[in-house]
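The chain contents come next:
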Amino acid sequence: AVKFALLALMLLSLAVAAVGCGGKEAPKEPAKETGKQDVAKTKLVVGADATFAPFEFTDPATGKYTGFDVELIQAICEEAGYELDFRSMGFDGLIAALQTNQIDAVISGMTITEDRKKIVNFSEPYYKSGLVVAVQEKNNQIKNFDELQGKKIAVQSGTTGALHAEKATSKDKITYFTSSDQAMLELKNGAVDAVVMDYPVTAYFIQQGNKDVKMVGEILSAEEYGIAVPKEKTETLEKINTALKTLKENGKYGEIYKKWFGEEPK
Ligand code: ARG
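Residues numbered from 1 in each chain as written. Predicted model: local features only at pLDDT ≥ 70, side-chain atom pairs only at ≥ 80, totals over all residues. Heavy atoms only, no water.

Draft legend 1. Broad picture of the overall build of the protein. A tally of helices and strands in the protein yields 10 helices and 14 strands. Taken over 266 residues, the protein has a buried fraction of 45%. Pairs at least 24 residues apart make up 70% of the contacts formed inside the protein by residues separated by at least 6 positions. Put simply, the protein shows about 14,700 Å² of open surface, and 54% of that area lies on carbon and sulfur atoms. (Helix = DSSP H or I, 4+ residues; strand = E, 2+ residues; numbered from the N terminus. Buried < 20%, exposed > 50% of the residue type's maximum accessible area, 1.4 Å probe, protein only. Contact = heavy atoms within 4.5 Å. Areas by Shrake-Rupley, 256 points an atom, 1.4 Å probe, with all protein chains shown as cover.)

Below you can see the structure in the form of structure tokens.
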């Protein structure tokens, strides 16, 4: 009886295999309809912390991810022939996610820094940025970065803004948040005296109707954003760079830039 059962099982698996092969041969439904060939695109899993308007955030009207970075990576994927799989996660976990191959790339307003370059590779820069100090509109005390000593500061964990704040005041005066929105809310609520954050994000936040917040002093550091890729994924990096170059040359990059920042690329 055992032998018979085994034989039956073998026949069954043969039958399943045969059906499997036949299935592969038959054209898929959409391909039949359009008459086009069904070329499977390589997936590119891209991570970002989507709390960083106007670079990556959730559009309140549609519930979808949007922003300069989102549109840029969509255009890059289209150009390079990738199928984009965009995922949002905490900013301070993005590099670890790259290193453990959970994601293939990061586009998240991420500044190209020497420290990060030791563990990941960056594409050519795609945006010139810098940090700024934000305080409440009614604050007349803090006029620049040097006046932050001893003051309470909110920052986003793992950012260059956090590193800068640590230069200005002791760590016990700094509150670290997972999202940049939370840091800004803390300032609005008056729980901290200042926020150190990327200039374009702070400017956008104020412009979006948060007139109780203002920027003071100079733009602190010259930073450039790049797309981060694991060290070993050299082919991915090459494809991204080639696509970025094409988009800069054919005007598509300029178009997206103008849409989000209202001016020509710097
Ligand atoms: N440019 C800063 C950095 O690289 C902040 C980036 C934060 N990005 C974000 N999507 N929350 O550290």
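Here the narrative resumes.
Draft legend 2. Examining the site of the ligand more closely. Close to the ligand lie 14 residues, the nearest being D49, G109, R116, T160 and D198. Within the contact set of the ligand, a nitrogen atom lies 2.8 Å away from a side-chain nitrogen or oxygen of T111. With respect to the ligand, the side chain of R116 contributes an N or O atom lying 2.8 Å from an oxygen atom. Broken down by class, the residue content of the shell around the ligand amounts to four nonpolar, six polar and four charged. (Near = heavy atom within 4 Å. Polar contact = N/O pair within 3.5 Å; in protein donor to acceptor, adjacent residues only side chain to side chain. Nonpolar A, V, L, I, M, F, W, Y, C, P; charged D, E, K, R; others polar.)

Draft legend 3. Focus on the pattern of salt bridges. What the rule picks out here adds up to 11 salt bridges. D85 is paired through a salt bridge with R87; the nearest N and O atoms lie 2.9 Å apart. A salt bridge links K117 to E114; the nearest nitrogen and oxygen atoms lie 3.4 Å apart. You can see K117 and its partner E114 sitting in helix 5 (residues 114-117), three residues apart, about one turn around the helix. (Salt bridge = Lys/Arg side-chain N within 4 Å of Asp/Glu carboxyl O.)

Draft legend 4. Representation of the packing of helix 3 (residues 68-80) against helix 9 (residues 234-249) in the model. Here helix 3 crosses helix 9 at 105 degrees, and the two axes come no closer than 9 Å. With respect to helix 9, the axis of helix 3 lies roughly perpendicular. On helix 9, the residues touching L72, A75, I76, E79 and A80 of helix 3 are K239, I240, A243, L244, T246 and L247. (Axes fitted to C-alpha atoms, helices over the stretch in contact; angles between N-to-C directions. Parallel < 35°, antiparallel > 145°, perpendicular 65-115°, else oblique.)

Draft legend 5. Representation of the nonpolar core in the model. Counting 47 residues, the largest nonpolar core has F68, L72, I76 and Y126 as its most contacted members. Among the secondary structure elements, those contributing two or more residues to this core are strand 1 (42-48), helix 3, strand 4 (82-88), helix 7 (180-188), strand 11 (194-198), helix 8 (199-207), helix 9 and helix 10 (252-261). Per-element accounting of this core gives the leading share, seven residues, to helix 3. Discounting residues that sit within four places of it in the chain, F68 has contacts with P54, F55, Y126, Y127, Y253, I256, Y257, W260 and F261. (Core = buried A, V, L, I, M, F, W, Y, C linked by side-chain atoms within 4.5 Å.)

Draft legend 6. Structural detail: the confidence of the model for the protein. Chain-level statistics for the protein give a pLDDT mean of 90 and a share of 86% at 70 or above. Within the model, the stretch residues 14-35 combines pLDDT values under 50 with four contacts to residues more than four positions away or in other chains. Confidence metrics for the complex model read pTM 0.85 and ipTM 0.98. (pLDDT = per-residue confidence, 0-100.)

Draft legend 7. Broad picture of the pairing of strand 9 (residues 153-156). By the alternation rule, side chains of strand 9 split into I153 and V155 and A154 and Q156, which are all buried. Across four bridges, strand 9 lies against strand 10 (residues 174-177) in parallel orientation. Residue pairing for strand 10: V155 is matched across the bridge by Y176. In this region the chain leaves strand 9, passes through helix 6 (residues 160-168) and returns to the parallel neighbour strand 10; the handedness of that crossover is right-handed. (Pairing = 2+ DSSP bridges. Right-handed = clockwise from strand over helix to strand, strands pointing away.)

Draft legend 8. Quick peek at the side chain of H164. The topology assignment puts H164 in helix 6. Ignoring any residue separated from it by four or fewer positions in sequence, one finds H164 in contact with L131, F145, V196, L220 and S221.

Draft legend 9. Just helix 6, in detail. When we look at burial in helix 6, the residues that qualify are T160, G161, A162, H164, A165 and A168. Where the residues of helix 6 are buried, they touch helix 5, strand 8 (131-136), strand 9, strand 10, strand 11 and strand 13 (223-225).

Draft legend 10. View of the packing of aromatic side chains. One pass over the structure, following the stated rule, counts 19 aromatic pairs. Here F55 and Y127 contribute two aromatic rings whose centre-to-centre distance is 5.0 Å and whose plane-to-plane angle is 80 degrees, an arrangement assigned as edge-to-face. Taken together, the positions of F55 in the loop between strand 1 and strand 2 (57-58) and Y127 in strand 7 (residues 127-129) put the pair 72 residues apart, joining distant regions of the chain. The class for F55 is buried, based on a relative accessible area of 0%. (Phe/Tyr/Trp six-rings, centres within 6.5 Å; stacked < 30°, edge-to-face > 60°.)

Draft legend 11. Inspection of unusual backbone geometry at higher detail. A cis geometry characterises the amide bond from A53 onward to P54, with omega recorded as 5 degrees. Topologically, P54 is positioned in the loop between strand 1 and strand 2. A positive phi angle, near 60 degrees, is found at N101, a position not held by glycine.

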